[in-house]
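Overview (structure and organization)
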Amino acid sequence: MNTEQLDRIHTGQGFIAALDQSGGSTPKALLQYGIKEDRYSGDEEMYTMVHSMRTRIIQSPAFTSEHILGAILFENTMDRLIDGQYTADYLWEQKGVVPFLKIDQGLAAPQHGVQLMKPIPALDALLKRAVSKHIFGTKMRSVIHEANPEGIRQAVQQQFELARQIAAFGLVPIIEPEVDILSKDKQESEQLLKRELAARLSELPDDVKVMLKLSIPTEDNLYSELAADPHVVRIVALSGGYTQAEANEKLARQHGVIASFSRALSQGLSDQQTEEEFGSTLAASIQAIYEASIT
């Protein structure tokens, strides 16, 4: 584990940029960026285009360590180059931004009110490769749709079982059991989730460090006690479908929680923009998310 990067994530001011759209979400990310499906053919062209979009964001003068602590990458992005360097190396060496890797393979069908992660084949091989590419940590997502105690227990258990496996490679796992912001019993789900997370954290060995990526809670500062747990490096919030303005307003009320936004970060960016337009739009978004994260 890179202790300089650990200290930056644990104590630094700023937020985590989520640049990890993959698989089924990639066409949506490109469409939001102004690239329709008729402009590419097949996965390779699609991923080349999305890498160009991410490269444009990362290389922007607005994308700096002054406001951004880390960036979450998709596996395909980790394996590609920016100016002759692998993306993780470029992020850290040129930008001072800590690289993370999304490792989940998507969601299973809903059961007990949640969607667990699909199996991750050859996870050890992926983690070994992540270490070789100088990745600091990982991210994995499941989704909670209903306040079902058994489903939430299963989702958290799966997350922590994988977290132990990840930590054995010297990586810091981001545990992300997202609560659907449209859930009719969102607040109840969050209370159940908090209890499960606290129980699992208490079972971790002393040397295991994790991060939590959680939906912005209905009850302000709900997760403050978890942030104080010695196993928790940082709690970050996902935007979860809120607009940037909504997400920032809600996040600013959560003390000790920083952003890890995806759609809210790229909101307003377009392939058709000039470099000046692109840079000013991104700079405004970064500044607004940063201010909400340090409140």
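A short tour of the structure in this document, coming up. (Residues numbered from 1 in each chain as written. Predicted model: local features only at pLDDT ≥ 70, side-chain atom pairs only at ≥ 80, totals over all residues. Heavy atoms only, no water.)

1. Section: the overall build of the protein
Per the secondary structure count, the protein includes 12 helices and 11 strands. If you line up the protein on its principal axes, its C-alpha atoms span 50 × 40 × 35 Å. Contacts in the protein between residues far apart in sequence, at least 24 positions, make up 73% of those at least 6 positions apart. Surface exposure of the protein reaches about 12400 Å², of which carbon and sulfur atoms provide 50%. (Helix = DSSP H or I, 4+ residues; strand = E, 2+ residues; numbered from the N terminus. Contact = heavy atoms within 4.5 Å. Areas by Shrake-Rupley, 256 points an atom, 1.4 Å probe, with all protein chains shown as cover.)

2. What about the nonpolar core?
In this structure, Phe-63, Ile-103, Leu-193 and Leu-265 are the most contacted members of the largest nonpolar core, which totals 79 residues. Contact partners of Leu-265, with chain neighbours within four places excluded, come to Phe-15, Ala-17, Leu-19, Leu-282, Ser-285, Ile-286 and Ile-289. (Core = buried A, V, L, I, M, F, W, Y, C linked by side-chain atoms within 4.5 Å. Buried < 20%, exposed > 50% of the residue type's maximum accessible area, 1.4 Å probe, protein only.)

3. Considering helix H7 (residues 149-167)
The first and last C-alpha atoms of H7 sit 27 Å apart over 19 residues, in line with the 27 Å expected at 1.5 Å per residue. For H7, the elements touching its buried residues are strand E6 (114-115), helix H6 (123-132), strand E7 (137-144), strand E8 (172-179), helix H8 (186-202) and strand E9 (210-215). N-cap assignment for H7: the residue whose side-chain oxygen lies 3.0 Å from the backbone N of Glu-150 is Asn-148. (Expected span 1.5 Å × (residues − 1). Polar contact = N/O pair within 3.5 Å; in protein donor to acceptor, adjacent residues only side chain to side chain.)

4. As for the pairing of strand E11 (residues 257-261)
Within E11, 5 of the 5 residues are buried, which leaves the element mostly enclosed by the surrounding structure. Relative to E11, strand E1 (residues 15-19) is paired through 2 bridges, and the arrangement is parallel. Its bridge partner being in E11, Ala-17 is matched across the sheet by Phe-261. (Pairing = 2+ DSSP bridges.)

5. Overview of the environment of Ala-62
On the secondary structure map, Ala-62 appears in the loop between helix H3 (42-59) and strand E2 (68-73). Linking Ala-62 and Leu-238, residues 176 residues apart in sequence, is a C-alpha distance of 21 Å.

6. Considerations on the packing of aromatic side chains
This model, assessed by the stated rule, comprises 3 aromatic pairs. Arranged with centres 5.5 Å apart and planes meeting at 85°, the rings of Phe-100 and Phe-136 form a pair that is edge-to-face. Here Phe-136 lies in the loop between H6 and E7 and Phe-100 lies in strand E5 (residues 98-102), a separation of 36 residues in the sequence. Phe-100 sits in the buried class, given a relative accessible area of 0%. By relative accessible area, which is 2% here, Phe-136 ends up buried. (Phe/Tyr/Trp six-rings, centres within 6.5 Å; stacked < 30°, edge-to-face > 60°.)

7. Examining H8
The α-helix advances 3.6 residues per turn, and as a result positions three or four apart in sequence lie on the same side. An ideal rise of 1.5 Å per residue puts 24 Å on 17 residues; H8 measures up with 24 Å between its terminal C-alpha atoms. Every buried residue belonging to H8 is among Lys-186, Ser-189, Glu-190, Leu-192, Leu-193, Lys-194, Leu-197, Arg-200 and Leu-201, and all of these are buried. Tucked inside the fold, the buried residues of H8 contact E7, H7, E8, E9, helix H9 (224-227) and strand E10 (232-238).

8. Here's the deal with the side chain of His-231
Here His-231 lies in the loop between H9 and E10. A polar contact of 3.1 Å, which involves the side chain of His-231, links it to the backbone oxygen of Pro-205. When residues no more than four places from it in sequence are discounted, the contact partners of His-231 are Leu-201, Leu-204, Pro-205, Asp-206, Val-208, Lys-209 and Val-210.

9. Observations regarding the packing of H3 against helix H5 (residues 87-95)
Where H3 meets H5, the axes come as close as 11 Å, and the angle between the chain directions of the two elements is 10°. By the angle between their directions, the pair H3 and H5 is classed as roughly parallel. The residues of H5 that touch H3, namely those facing His-51, Ile-58 and Gln-59, are Thr-87, Tyr-90, Leu-91 and Lys-95. Partitioning the contact of H3 with H5 into residue classes produces 3 nonpolar, 3 polar and 1 charged. (Axes fitted to C-alpha atoms, helices over the stretch in contact; angles between N-to-C directions. Parallel < 35°, antiparallel > 145°, perpendicular 65-115°, else oblique. Nonpolar A, V, L, I, M, F, W, Y, C, P; charged D, E, K, R; others polar.)

10. A closer look at unusual backbone geometry
Positive phi, close to 55°, is recorded for Ala-122, a residue that is not glycine. In this structure, Ala-122 sits in the loop between E6 and H6. Residue classification places Ala-122 among the exposed positions, given a relative accessible area of 58%. A positive phi angle is found at Asn-221, which is not glycine, with a value near 60°. Residue position: Asn-221 is located in the loop between E9 and H9.

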